[in-house]
Every structure is written in C-alpha cells, then in structure tokens.
Amino acid sequence: MKPGRACWIAGAAAAALVAAGAITYAGAGDDGAERVPAADSADAGFARDMAVHHQQAVEMSYIVRDRTGDEEVRRLAYDIAQTQANQRGMMIGWLDLWGLPKVSSDPPMTWMGMGDMPSAGEGSLMPGMATDAEMEKLGTLNGRQAEVFYLQLMTEHHKGGVHMAEGCAETCTVGVEKRLARGMVESQESEIRLMADLLAERGAKPRA
C-alpha cells in the first residue's frame, strides 16, 4: 500500500469514528432532543432507511475481507464496515430515544418523496443497494476479481447513500442528524474518489 494512501484511509476512518462518538454523545442533549420528530418525518425516515442501507455495506465489506489478501482493499473494507456499523447504531439509538418504530409500512424513500419509485428488488431496496444475486456472487469471487466487484458495488452503494444523506441534510430538522448526514456526504464522496483510483489500478472502472 502506498504510505500516503494508508494514512489517508486510517485518518479518515479515525476522524469519522471520533465525530460519530461526539454526535452520539450530543444526541441526548442536542437541540433536536426536545423536538421529537414524527414517525413519518424525514428524520425518522432517514434513520430507518440509512440503517438498512448501511447494514448491507457492512456485510459486503466483511465478505470481501475474507476473499482477498490485498491489504489496501482489506483496510478500506474494514474502515467502511466499522464506520457504517457505528453510524447505524447511532441511528437506531435515535429511533429508540424518540420512541419511534424501526420499521415502517411505507415504502423506502417515502420521506424523500420517492416512495413510488420502482425497486430493483431481490434485496436492492434503495438506490445503490446490491441485489441478493450480486451479494452471493461477491461471496464466490477471490483475489482481484473480488476486489474489483466489491469496489464497483461499493461505489454504487456510496452514490446511493450520498443521495439519501443530501436529502436529510436538506430536510431533516434534528441538528445532530443533519450534521451526521453532511459528514456522510463528505466521507463517502472521498471514498468514491479513492475507489475510482483503486479500480483504475486494477484496469477496471466503476459500473455505468
């Protein structure tokens, strides 16, 4: 791994986790704590949907760590898994704090006005999410093939996540959640650029 890139990945992950810890601590006394959002609000919808979105990224990242010995991809996958698992826990914690259900009868993305958008199905519940077949395929690949497929899937996953986080940054009302969403946009856009470089090094490109 290139030293500069290794430091970038480790530093970005550390910064994300420190920020996440600060946000978790602030959640109990933040300006939004006294304004419990409604079950159909953007705040609740984002927390529910992004928790599901993040869970798949965590699963995908742990799959590839077992399918390759490349330390750079393994480090990136570990950092993504740790960061998104931490953030997922925070969002579920907020739903508990607010006394709101963790699941909704409304279709995913309803809080963004996209509840009537056709789903890709087969596990792909929201934009960027991989299908069940794609997750199964990732688990059958090894080495460079696994690395390329993971980087392609995660690039799409991040693009969908950025879209959702931008929606929360614009429409959520709980301050601590808006800050988390803005942080997601910045970190995932940086990782998208990094993954484009990693794909190029392997003679591949993000999927169209």
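Caption draft 1: Summary view of the overall build of the chain. In terms of regular secondary structure, the chain is built from six helices and zero strands. Its helices and strands in sequence order give the chain the pattern α-α-α-α-α-α, from N to C terminus. Out of the 208 residues belonging to the chain, those deemed buried represent 48%. Here the analysis covers contacts within the chain between residues at least 6 apart in sequence; of these, 78% occur between residues at least 24 apart. Accessible area of the chain: about 9700 Å², with a carbon and sulfur share of 54%.

Caption draft 2: Seen up close, the nonpolar core. Phe-46, Met-50, Met-91, Trp-94, Met-164, Ala-165 and Met-184 are the most contacted members of the largest nonpolar core, which totals 29 residues. For this core, the element with the most residues is helix H6 (residues 175-201), which contributes six residues. Once you skip the residues sitting within four places of it in the chain, Met-50 turns out to touch Met-91, Gly-161, Met-164, Ala-165 and Met-184. Core analysis: the next-biggest nonpolar cluster, separate from the first, contains 23 residues, Ala-77, Leu-138, Leu-151 and Met-195 among them.

Caption draft 3: View of the packing of aromatic side chains. Under the defined criterion, the tally for this structure stands at two aromatic pairs. Between Phe-46 and Trp-111 the ring centres are 5.7 Å apart and the planes differ by 80°, which places this aromatic pair in the edge-to-face class. Taken together, the residues Phe-46 in helix H2 (residues 42-65) and Trp-111 in the loop between helix H3 (71-98) and helix H4 (132-138) connect sequence positions 65 residues apart. The exposure class of Phe-46 is buried, given its relative accessible area of 0%. Each ring, one from Trp-94 and one from Trp-98, has its centre 6.3 Å from the other, and the planes form 25°; the classification is stacked. Of this pair, Trp-94 and Trp-98 both sit in helix H3, four residues apart, which is roughly one turn of that helix. Its end group placed over the ring of Phe-149, Lys-137 keeps NZ or CZ at 4.6 Å from the ring centre.

Caption draft 4: Geometry of the state of the cysteines. According to the stated counting rule, one finds one disulfide in the structure shown. Two residues, Cys-168 and Cys-172, share a disulfide whose sulfurs are 2.2 Å apart. The sign of the -120° torsion about the S-S bond sets the Cys-168-Cys-172 disulfide as left-handed.

Caption draft 5: Quick peek at the pattern of salt bridges. Inspection of the entire model under this criterion finds seven salt bridges. Of the charged contacts, one joins Glu-156 and Arg-207 as a salt bridge, the two residues approaching to 2.9 Å between their closest N and O atoms. In this pair, Glu-156 is assigned in helix H5 (residues 143-171) and Arg-207 in the segment after H6, connecting sequence segments 51 residues apart. Classification of Arg-207 by relative accessible area gives partly exposed; the value is 28%.

Caption draft 6: Representation of unusual backbone geometry within the structure. Positive phi, close to 75°, is recorded for Met-109, a residue that is not glycine. Mapped onto the elements, Met-109 comes out in the loop between H3 and H4. Judged by its relative accessible area of 1%, Met-109 falls in the buried class.

What counts, and where the lines are drawn
- Residues numbered from 1 in each chain as written.
- Predicted model: local features only at pLDDT ≥ 70, side-chain atom pairs only at ≥ 80, totals over all residues.
- Heavy atoms only, no water.
- Helix = DSSP H or I, 4+ residues; strand = E, 2+ residues; numbered from the N terminus.
- Buried < 20%, exposed > 50% of the residue type's maximum accessible area, 1.4 Å probe, protein only.
- Contact = heavy atoms within 4.5 Å.
- Areas by Shrake-Rupley, 256 points an atom, 1.4 Å probe, with all protein chains shown as cover.
- Core = buried A, V, L, I, M, F, W, Y, C linked by side-chain atoms within 4.5 Å.
- Phe/Tyr/Trp six-rings, centres within 6.5 Å; stacked < 30°, edge-to-face > 60°.
- Lys NZ or Arg CZ within 6 Å of the ring centre and 35° of its normal.
- Disulfide = S-S within 2.5 Å.
- Salt bridge = Lys/Arg side-chain N within 4 Å of Asp/Glu carboxyl O.

Take it as geometry only, folks, not as evidence of what the structure does.
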